[in-house]
Amino acid sequence: MKCLLLIDIQVGFCPGGHLAVAEGDEVVPIANRLMREGGYDLVVASQDWHPADHGSFASQHPGSKPFTIGELGGKPQMLWPDHCVQGTRDAEFHPDLDLARIDHVQRKGMNRLVDSYSAFRDNDREAVTGLAAFMAERGVGAIDLCGLATDYCVRFSALDAREMLPDARVRVFSDACRGITPDGVTEAEAEMRARGVTILTSRDHLAVV
Ligand code: VGL
Ligand code: ZN
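A. Representation of the coordination of the zinc ion (ligand 2). The protein atoms that coordinate the zinc ion (ligand 2) are D48 (OD), H50 (NE2) and H83 (NE2), at distances spanning 2.0 to 2.2 Å. In this structure, the zinc ion (ligand 2) is coordinated by four donor atoms arranged in irregular fashion, with angles at the metal of 87 to 168°. Counting residues between consecutive donors of the zinc ion (ligand 2) along the chain gives the motif D-x1-H-x32-H. Remark: H83 occurs in the loop between β4 (75-78) and β5 (104-108) and H50 occurs in the loop between β2 (42-48) and β3 (69-72); sequence separation between them is 33 residues. Take H50: its relative accessible area is 1%, and that puts it in the buried class.

B. Up close: the packing of aromatic side chains. For the structure shown, the criterion picks out five aromatic pairs. Aromatic side chains W80 and Y117 sit 6.3 Å apart centroid to centroid with 80° between the ring planes, which places their arrangement in the edge-to-face category. On the criterion of sequence distance, the pair formed by W80 in the loop between β4 and β5 and Y117 in the loop between β5 and α2 (131-137) is long-range, its members being 37 residues apart. Judged by relative accessible area, which is 3%, W80 ranks as buried.

Reading the values: the criteria
Residues numbered from 1 in each chain as written. Chains lettered and ligands numbered in written order. Predicted model: local features only at pLDDT ≥ 70, side-chain atom pairs only at ≥ 80, totals over all residues. Heavy atoms only, no water. Donors = N, O, S within 2.8 Å, 3.2 Å for Na, K, Ca; no water. Tetrahedral: all angles 85-135°; square planar, octahedral: opposite > 155°, others 65-115°. Helix = DSSP H or I, 4+ residues; strand = E, 2+ residues; numbered from the N terminus. Buried < 20%, exposed > 50% of the residue type's maximum accessible area, 1.4 Å probe, protein only. Phe/Tyr/Trp six-rings, centres within 6.5 Å; stacked < 30°, edge-to-face > 60°.

No statement about biological role is implied by the geometric values presented.
Listed below in structure tokens is the structure:
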């Protein structure tokens with residue numbers, strides 16, 4: 001079973017969104033093409049889905065500004081602008097994403113006391129989302145990821161896929177991801193490679209489907 005895992009392709013992470021990633025919307029047509037022509041048996045999409053008072057928001061830390069390091073649950077936490085609040089437009093999938101081809105949506109980030117970059121579990125590694133069990137039950141043996149943002153949610157999701165589904169091949173389509181900072185992307189790609197994730201382009205894959 002081959003699974004395509006779309007990470008957080010939401011209004012909030014695209015230009016005009018509350019935590020906009022430069023060129024974030026450029027991943028949408030590539031994701032659509034991968035869903036249509038990529039030869040996948042299963043398409044899963046993760047959705048950052050925060051309560052309005054989520055503890056990763058700088059607004060919840062009086063005197064703190066977004067994109068500075070604060071504290072959450074006694075640990076250092078990057079403080080973000082309010083983003084992807086449940087039920088708001090910011091949390092919706094990008095309007096051009098082909099939702100009809102998505103088999104399963106995995107929401108995350110609902111616990112205000114801990115952030116959840118990975119689609120598989122919270123950053124403290126305690127609570128799991130259930131996605132690893134969902135994939136294991138369906139016999140998923142290959143997971144290809146793309147989406148937003150390379151240096152946060154794509155990175156943590158790919159690393160957790162390696163760790164929680166150790167028998168699965170895990171790959172990331174670099175051209176179908178965009179990151180928050182260029183240095184973060186470089187570091188994320190190096191770390192993913194070091195932990196056994198293959199980085200390739202969607203063209204490489206589509207040429208051999
Ligand atoms: C993300 C920061 C905060 C992401 C989500 O999707 O990469 N980044 N929440
Ligand atoms: Zn978030």
